[in-house]
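Topology and contacts: notes
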Amino acid sequence: MKIEDLETHQKNTWCPGCTNNGLLLAVKKAIVHLDQTSQLHWKNVVAVSGIGCGAKIYDYLRVNGFYTLHGRVLPTCLGIKTGNPNLTVLGFAGDGGSYAEGVAHLVHAARYNADLTMIVSNNQVFALTTGQATPTTEEGFIDHSLPLGVKEPPLNPLALVLASGGTFVARGSALDPEHLQKLIEEAIQHPGFSFIDVLQPCLSFHQDIEFQRQHIYKLELKKKDDFSQAWEKAQEWDYNQKEKAKIPIGIFYQDRQLTWEEKWPQLNLPWYQKERPIEWTKVVEDWKWRKTKK
Amino acid sequence: MRKTILVGGQAGQGVSKTSSLISQVFNNLGYYVFVYRDYPSLIQGGHNFNVLTVSDEPVYSHRRSLEAIIALDDLTIEKHVAALEPAGFILGSAERASHPRLIAIDMDSVSLPPSVGRENNILVGALLKLWGLPLEAGFQAAEEEFSEPEKIQEALDEGRQLVSLREKLPRLRNRKETYFLSGTEGVSQGAIAAGLDVYFAYPMTPATGVLHNLARQQQKYGFLVSQLENEIAVVNAALGASFTGAKTMVGTSGGGFALMSEALSLAGISELPLVVYLAQRTAPASGVPTYSSQGDLKFAVNVGHGEFPRVVVAPGDAEEAFRRTVEAFYFSQKYHLLSIILSDKHLAESHFSFDRIRAPRVKVERFFLEEADPDYKSYQLTPDGVSPRMVPGEGSLVRATSYEHNEEGYTIEEEEGTKKMNDKRWAKSPLLQKEIDRLQPVQTYGQGKKLIVGWGSTKGAILDSLADLPDYRFLQISYLSPFPSQQVMAELKKAKEVVLVENNVTGLLGQIIREQTGVAIDKKILKYDARPFTPEDIIQKVKEDF
């Protein structure tokens, strides 16, 4: 396959220069590379997308796709893996959908550990609704809904996923598509729930490209299954824009645990491939009079 | 011959188990049995009771007036003695508060050591004797209902020796085949018969029964039952699984259904098959959680923002629940849409006897292509609005979306495409209607010239009231969406007088009938005290008011 196979005819409606393009390129390259090295088959990839600017990736990526509701990417992904464990499922949502509207699902997705990859386009703002604060927006940020500024400290999504039992926790940057591509490839190959918080400044409503360029550094951990170390590294940046901030990107934590599909013996095949002939008369047999139940 | 027995006590005293034992005795003797359960929302204490109506003729409801009360506590006597027929009796331990109608059993005179349910089983033994029922029927029932039947059998035998015959009930000729099941069991088994692959749910009374019943059988039949973090996750996961071709169903009650409603709209636009089991309870909000109501009819018929066709089917008893559940799967799979099975606490948790279970009249297939097509379009326009269905993973690219879309499933916002897709989705409607018309969406019972109209769980009480209301026949409406307007209209026109019977405050079916046929029904019997109808309620109201 070629990267062109992944292109659609849809007109790209992201703002000119939008950092989502960096993510889209990284995703496409990761799929092509993994397909070419037989790690996956591109026609078995399903892109599940929420609602928001980043979620428009559904229209720009020619694979199987499910453009679901705001905040509901993870349960949809879980359902897809439950329906057909052989599919490669990639979830796409923003910080609004993942950390506000659908945050409960994030906690539980980490617990379930289904073999899927969740890529969060974190621009620290609701962009498609014209610039309101999300749970990861820095303190003091002023917008039309909060003219007095954000009062709460930002949520740390990496710490949240770690605390919830996530088995692959990473942060990437759309400003570095090559590094991001590698992260995505590792995430897809990790058996279990893989979570990547992708920092991608919004040119229209959360312009912090310079801040991120200055403070981001690459994390190169030798031992990835060290939870204490991951926890410490996750705390290194609190999502505020402080002068001395250090923002690590890379894999914080990776650990092999049983996946959702491995835990349930019924999930050995796509359901439509199973032969389960059922006779209706047998199904009601237990309720027949004088049928001894015990 | 008909007898109504009430078994009452605190939660934890084994009311349900004792009721099952008695039911089984009568089943074994060839009687028809109907069991109503009444319990508050608590785990221990309170006041639980079951009402069993047993008869030598088919019976589909419980009566208000009682021939026997089995009192496991004093409160049972206090609360229910007013409903006791003149010849009726209370059966209880000698420790119960004295009452002139109490047949007091001296539990201390029984040499059996203390055990769980000892008192209950002694009372059942006494009941057998009072009505001249053979002990063997009790022994057999104990074997069928309990894993260690010996202790129960001993207690039954002891109880039998403590009273003397009061009235000999007839021994019935055994019926050839008998089924005894609840609405919950009808729905669960229907889902299994339809080839259910995955059931997602979050517990909520009175839908939880289906969750438990299916979970227990998942290994036997090889399907999956999955309880997720909330109803929103449940319904979205179900749509994800449906996207891959799995036959999926979710179950909930009103509150959970409300949480699901956004995703039900998604089912509408994405045209993914989904079956929803909605077991109504008394609302608004948390309402009266362990009691019954038909208050969600219009919610089900209209659920989800925007307009999209859906199927809403409301079975009237456990046997219908089996067949109608299979039909709900059939329509969702064949027409790629949302099917709602509308039940309620009364139907879900009551037990019914049937001579037979009728075969489902439809066959649920997967209805999709399995050969790869490079030009496959998930939303291909077709004359009947049904696009050929494909699943991901077979070489074709498959798309589902919450946005308005073109045939390939990519997002559009333009006028013509938007209109076309709306027309496509609604093009299914006439076909759907045609198929539903063949599945007895309405049914009449009885010969009277006047008509009682109802739907869902009121069927039993209405049917059982007809014997006392010879001027009336009963029109049961089982499909609420698409609404069988012509058939309903024809029945309304034929009737000399029409009375609406519903378990809700404002007569929701009446509103739908008016919307769909233009006919307003003025005579209404509405019950909204969180309790189901008994035949007496209907007979009395009809005779007094109309």
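Residues numbered from 1 in each chain as written. Chains lettered and ligands numbered in written order. Predicted model: local features only at pLDDT ≥ 70, side-chain atom pairs only at ≥ 80, totals over all residues. Heavy atoms only, no water.

A closer look at the pairing of strand 6 (residues 193-199) of chain A
All names here are of chain A. Counting buried positions over the 7 residues of strand 6 gives 7, a clear majority of the element. Residues of strand 6 alternate between two faces, with Phe193, Phe195, Asp197 and Leu199 on one and Ser194, Ile196 and Val198 on the opposite face, all of them buried. By the bridge criterion, 7 bridges tie strand 4 (residues 116-122) to strand 6 in an arrangement that is parallel. By the bridge assignment for strand 6, isoleucine 119 is matched with isoleucine 196. Sheet analysis places strand 5 (residues 168-173) next to strand 6, joined by 6 bridges and oriented parallel. Counterpart to phenylalanine 168 in the pairing with strand 6 is serine 194. (Buried < 20%, exposed > 50% of the residue type's maximum accessible area, 1.4 Å probe, protein only. Helix = DSSP H or I, 4+ residues; strand = E, 2+ residues; numbered from the N terminus. Pairing = 2+ DSSP bridges.)

What to know about the domain arrangement of chain B
Residue and element names in this part refer to chain B. Domain annotation for chain B reports domain 1 (2-160), domain 2 (180-354) and domain 3 (440-545). A C-alpha centroid distance of 25 Å is found between domain 2 and domain 3. Where domain 2 abuts domain 3, roughly 2,200 Å² becomes buried across the two surfaces, and 55% of that area is made up of carbon and sulfur atoms. The largest contributions to the domain 2 side of the interface with domain 3 come from Gln294, Leu297 and Lys298, which together make up 30% of the buried area. At the junction of domain 2 with domain 3, the criterion picks out 2 salt bridges. Its salt-bridge partner being glutamate 320, residue lysine 459 comes within 2.7 Å of it at the nearest N-O pair. Our count for the domain 2 to domain 3 interface comes out at 15 residue pairs in polar contact (both at pLDDT 80 or more). (Domains from an automatic or database assignment. Buried area = accessible area lost by both parts, 1.4 Å probe. Salt bridge = Lys/Arg side-chain N within 4 Å of Asp/Glu carboxyl O. Polar contact = N/O pair within 3.5 Å; in protein donor to acceptor, adjacent residues only side chain to side chain.)

Some points on the interface of chain A and chain B
Contacts between the two partners involve 54 residues from chain A, matched on the other side by 78 residues from chain B. When residues of chain A are sorted by the area they lose upon contact with chain B, A:Tyr272, A:Trp287 and A:Trp289 head the list and together hold 17% of the total. Summed over the shared surface of chain A and chain B, the result is 2 salt bridges. Put simply, B:Asp197 and A:Arg276 hold a salt bridge, and the shortest N to O gap is 2.7 Å. Within the residue set of the side of chain A that touches chain B, elements represented by two or more residues are helix 2 (57-60), strand 2 (64-67), helix 3 (73-83), helix 5 (103-112) and helix 11 (280-283) of chain A. Broken down by element, the side of chain A that touches chain B gets its largest block of residues, 7 residues, from helix 3 of chain A. (Contact = heavy atoms within 4.5 Å.)

Quick word on the sheet that holds strand 3 (residues 88-94) of chain A
Strand order in the open sheet made by the 9 strands is 7(A)-8(A)-5(A)-6(A)-4(A)-3(A)-1(A)-2(A)-15(B), with mixed pairing throughout. Lying at the two open borders of the sheet, with one neighbouring strand each, are strand 7 (216-218) of chain A together with strand 15 (399-401) of chain B. In this sheet, neighbouring strand axes are inclined to one another by 20° on average, regardless of whether the strands run parallel or antiparallel. Examined bridge by bridge, strand 3 of chain A and strand 4 of chain A share 6 bridges and lie parallel to one another. Note on strand 4 of chain A: the bridge partner recorded for A:Gly91 is A:Met118. Of the strands in this sheet, strand 3, strand 4, strand 5, strand 6, strand 7 and strand 8 (247-254) of chain A are in contact with helix 7 (residues 177-189) of chain A, which crosses strand 5 of chain A at around 160°. (Axes fitted to C-alpha atoms, helices over the stretch in contact; angles between N-to-C directions.)

Description of a negative patch on the surface
Residues and elements named next belong to chain B. On the surface, Glu143, Glu148, Glu150 and Glu154 cluster together to form a negatively charged patch. Here glutamate 154 is to be found in helix 5 (residues 149-160). Residue classification places glutamate 154 among the partly exposed residues on the basis of a relative accessible area of 43%. (Patch = residues over 30% accessible without salt bridge, like charges linked within 9 Å, V, L, I, M, F, W, Y side chains within 5 Å. Areas by Shrake-Rupley, 256 points an atom, 1.4 Å probe, with all protein chains shown as cover. Lys, Arg positive; Asp, Glu negative; His and termini not counted. Charge placed at Lys NZ, Arg CZ, Asp CG, Glu CD.)

As for empty space enclosed by the protein
Residue and element names in this part refer to chain B. Summed over the entire model, instances satisfying the criterion amount to 5 cavities of 30 Å³ or more. In this structure, the largest cavity spans a volume of roughly 150 Å³. As for the largest cavity, its lining consists of 16 residues, and the residues nearest its centre are Ser270, Glu271, Leu272, Ser378 and Arg389. By residue class, the composition of the lining of the largest cavity is 8 nonpolar, 4 polar and 4 charged. (1 Å grid on protein atoms, 1.4 Å probe; cavity = no way out; pocket = protein on both sides within 12 Å on 5 of 7 lines; lining within 4 Å. Points joined across faces, edges and corners; volume = space filled by probe spheres on them. Nonpolar A, V, L, I, M, F, W, Y, C, P; charged D, E, K, R; others polar.)

Here we look at the sheet that holds strand 18 (residues 472-477) of chain B
Residues and elements named next belong to chain B. Across the sheet, 5 strands lie side by side as 16-18-17-20-21; this open sheet has mixed pairing. Because the sheet does not close on itself, it has two edges, and the strands there are strand 16 (442-445) and strand 21 (523-526). When the angles between neighbouring strand axes are averaged without regard to direction, this sheet yields 25°. Bridge count for strand 16 against strand 18 is 4 bridges, and the pairing is antiparallel. Looking at the pairing, valine 442 lines up with isoleucine 477 of strand 18. Where helix 16 (residues 508-517) meets the sheet, its contacts fall on strand 17 (450-454), strand 18 and strand 20 (498-502), and the angle it forms with strand 20 comes to roughly 130°.

Some remarks on the packing of helix 1 (residues 20-36) of chain A against helix 7 of chain A
Residues and elements named next belong to chain A. It is the contact of helix 1 with helix 7, at a shortest axis distance of 8 Å, that shows an interaxial angle of 50°. Between helix 1 and helix 7, the interaxial angle falls into the category oblique. As helix 1 runs across helix 7, the sense of the crossing is right-handed. Side by side, helix 1 and helix 7 meet where Gly22, Leu23, Ala26, Val27, Lys29, Ala30, His33 and Leu34 of the first sit next to Pro177, Leu180, Gln181, Ile184, Glu185, Ile188 and Gln189 of the second. (Parallel < 35°, antiparallel > 145°, perpendicular 65-115°, else oblique. Left-handed = near helix turned anticlockwise from the far one by under 90°.)

Quick look at the side chain of B:Arg389
Of note, B:Arg389 is situated in the loop between strand 14 (351-354) and strand 15. No salt bridge forms around the buried B:Arg389; measuring N to O, its nearest opposite-charge neighbour B:Asp197 is 8.7 Å away.

Brief notes about the pattern of salt bridges
Pairs can form between side chains of opposite charge once their charged atoms are near each other. Applying the stated rule across the entire model yields 37 salt bridges over all chains. Across the salt bridge formed by A:Glu262 and A:Arg256, the nearest N and O atoms sit 2.7 Å from each other. A relative accessible area of 40% means that A:Glu262 is categorised as partly exposed. Take A:Arg256: its relative accessible area is 44%, and that puts it in the partly exposed class. Across the pair B:Glu435 and B:Lys334 runs a salt bridge whose closest N-O atoms are separated by 2.9 Å. Of the two residues, B:Glu435 is situated in helix 13 (residues 415-437) and B:Lys334 in helix 11 (residues 318-335); the sequence distance between them amounts to 101 residues.

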